[in-house]
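Examination of the molecular architecture
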Amino acid sequence: MQVGLISLLDGLVYGMLLFMLASGLTLILSMMGVLNFAHASIYMLGAYFAYQIDHWFGFWPALVIAPVLCGAIGAAFEIWGLRRVHHNGHIAELLFTFGLVFIIGRGVQMTWGMLPMPYRVPASLDFPLFTLYGENFPAYRGFMLLVSAGMLLATWLLLKKTRIGLIIQASLTHPAMVSALGHNVPLVFTTVFAGGSFLAGLAGVIAGNYLTTESAMADAMGPIVFVVVIFGGLGSLAGCFIASILMGMVQTFSVVIDYSFADLVKPFGVTLASNDLLGEILTIPVSRIGPLVPYALLILILVLRPRGLM
């Protein structure tokens with residue numbers, strides 16, 4: 001019971017962090033049709049910007065300035081990059097964002113080096129929020145949940161309840177009509193890309209000191225973000241939220257489950273030998289293959305429901 005509740009809270013925190021990062025990619029994909037490979041790299045930039053600004057001015061200014069810088073960088077990428085290659089099709093857009101991954105990664109290594117940065121949780125949030133079965137739940141994790149939930153609510157209200165959200169959605173399906181009504185469609189697309197980059201930068205700010213700020217953090221988070229987006233359904237914000245929470249729970253609980261398939265069938269009188277390849281695989285505990293579970297679920301959803309959950 002104790003392990004289950006603590007893992008549930010940790011899975012919720014990690015799942016909301018995944019949603020904050022994946023939602024920006026989902027917005028860009030749903031509004032512009034661009035699968036941005038550099039999204040996780042912008043998330044990494046957010047963490048490094050936050051570390052540097054935190055070193056100079058403190059955490060709270062970094063919480064505001066770093067995402068804004070990431071949003072500005074995203075706008076620059078769209079104006080001077082994606083907009084120029086857009087007429088060449090999706091392959092050109094994919095190659096452009098793929099190239100940005102290497103440019104941003106090498107730029108980070110040349111600027112800050114390859115060692116992890118001492119980006120720490122702010123002292124004002126470095127205390128236990130409550131105690132559960134003798135285990136302290138850090139206040140910073142509660143802050144992460146609060147920021148993620150606020151971002152979810154703000155994004156939903158913006159897209160569904162405001163005039164700007166209606167213009168953004170209309171620009172996706174009927175750009176010529178929106179342009180004829182006097183709206184600047186290229187500016188709308190730039191705003192969407194900048195907004196997605198802002199969300200990636202915000203995720204980097206609050207995750208950089210929760211996880212580790214290092215030059216490989218984009219490589220570590222990028223694949224699981226694409227799993228979330230594809231599993232939830234390309235372009236679906238609701239599907240992205242469900243998939244994020246699911247993947248967060250799966251990855252958290254799989255680490256603490258020390259059972260294998262052989263243990264599950266043992267009460268039924270079935271004993272699996274481990275002297276062959278299949279037997280060895282079936283006797284491996286889930287905790288050892290936990291990082292592979294999301295990718296197995298991705299293969300399963302692609303086989304059974306290629307369009308994703310929603």
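Below or above, wherever it landed, is the structure these notes cover.

The rules behind each value
- Residues numbered from 1 in each chain as written.
- Predicted model: local features only at pLDDT ≥ 70, side-chain atom pairs only at ≥ 80, totals over all residues.
- Heavy atoms only, no water.
- Helix = DSSP H or I, 4+ residues; strand = E, 2+ residues; numbered from the N terminus.
- Buried < 20%, exposed > 50% of the residue type's maximum accessible area, 1.4 Å probe, protein only.
- Contact = heavy atoms within 4.5 Å.
- Areas by Shrake-Rupley, 256 points an atom, 1.4 Å probe, with all protein chains shown as cover.
- Salt bridge = Lys/Arg side-chain N within 4 Å of Asp/Glu carboxyl O.
- Axes fitted to C-alpha atoms, helices over the stretch in contact; angles between N-to-C directions.
- Parallel < 35°, antiparallel > 145°, perpendicular 65-115°, else oblique.
- Left-handed = near helix turned anticlockwise from the far one by under 90°.
- Nonpolar A, V, L, I, M, F, W, Y, C, P; charged D, E, K, R; others polar.
- Core = buried A, V, L, I, M, F, W, Y, C linked by side-chain atoms within 4.5 Å.
- Patch = residues over 30% accessible without salt bridge, like charges linked within 9 Å, V, L, I, M, F, W, Y side chains within 5 Å.
- Expected span 1.5 Å × (residues − 1).
- Phe/Tyr/Trp six-rings, centres within 6.5 Å; stacked < 30°, edge-to-face > 60°.

Moving on, we get to the overall build of the protein. Within the protein, the secondary structure is distributed over 13 helices and two strands. A buried classification covers 46% of the 310 residues belonging to the protein. In the protein, of all internal contacts separated by at least 6 residues, the share reaching a separation of at least 24 is 76%. Of the roughly 15800 Å² of accessible surface on the protein, a fraction of 71% belongs to carbon and sulfur atoms.

This part covers the pattern of salt bridges. As enumerated under the stated definition, the model contains two salt bridges in all. The closest approach of N and O atoms between D10 and R141, which form a salt bridge, is 2.3 Å. Residue D10 is located in helix α1 (residues 2-32), and its partner R141 is located in helix α5 (residues 139-161); the two are separated by 131 residues in the primary sequence. The salt bridge involving E78 is made with R83; its shortest N-O contact spans 3.2 Å. With relative accessibility at 37%, the residue R83 sits in the partly exposed group.

It is at 10 Å that the axes of helix α9 (residues 217-232) and helix α13 (residues 293-304) come closest, and there the two elements cross at 30 degrees. One finds that α9 runs roughly parallel with respect to α13. Crossing hand, α9 versus α13: left-handed. Of α13, the residues touching α9 (which contributes P223, I224, V227, I230 and F231) are P294, Y295, L297, L298, I301 and L302. Residue classes in the contact of α9 with α13 are distributed as 11 nonpolar, no polar and no charged.

The next thing to look at is the nonpolar core. By size, the foremost hydrophobic cluster in this structure holds 84 residues, and its most contacted members are Y43, F143, I206 and M221. Residue contributions to this core peak at 15 residues, all from α1. Residues in contact with F143, not counting those within four places in the same chain, are F59, W60, L63, L125 and I206.

Before going further, it helps to examine a nonpolar patch on the surface. A cluster of nonpolar side chains, namely V64, I65, V68, L69 and F198, defines an oily patch on the protein surface of about 400 Å² accessible area. The biggest single contributor to the nonpolar patch is helix α3 (residues 59-85), with four residues. Its place among the elements puts L69 in helix α3. Residue classification places L69 among the partly exposed positions, given a relative accessible area of 36%.

This part is about the packing of helix α2 (residues 39-56) against α3. Close contact between α2 and α3 brings their axes to 8 Å; oriented N to C, the two are set at 140 degrees. Here α3 runs oblique to α2, going by the angle between their axes. Here α2 runs over α3; the crossing is right-handed. Within the contact between the two elements, α2 uses I42, L45, G46, F49, A50, I53 and D54 and α3 uses F59, P61, A62, I65, A66, L69, C70, I73 and F77.

The next point concerns α9. Taking 1.5 Å of rise per residue, 16 residues should cover 22 Å, and α9 covers 23 Å from first to last C-alpha, within 8% of that figure. With respect to burial, α9 is a largely interior element, 12 of its 16 residues being buried. Considered for burial, the residues of α9 that qualify are M217, A218, M221, G222, I224, V225, F226, V227, V228, V229, F231 and G232. Taken from the residues just after α9, G233 is the one with a positive phi, measuring 115 degrees.

Note on placement: M151 falls in helix α5. In this structure, the C-alpha to C-alpha distance between M151 and L202, residues 51 residues apart in sequence, is 9.5 Å. Not counting chain neighbours up to four residues away, the residues in contact with M151 comprise F19, M20, S23 and L199.

On to the packing of aromatic side chains. Under the defined criterion, the tally for this structure stands at 12 aromatic pairs. Note on F19 and F241: the rings are 5.3 Å apart at their centroids and 90 degrees apart in plane angle, and the pair reads as edge-to-face. Linking F19 in helix α1 with F241 in helix α10 (residues 237-256), this pair joins segments that are 222 residues apart in sequence. Owing to a relative accessible area of 28%, F241 belongs among the partly exposed residues under this scheme. A ring pair is formed by W56 and F57, whose centres lie 6.3 Å apart and whose planes are at 75 degrees; its orientation type is edge-to-face. Per residue, the accessibility class of W56 equals that of F57, and both read exposed. A connected cluster of aromatic rings, assembled from ring pairs, spans F37, F98, F102 and F226.

Geometric values such as these leave the question of function open.
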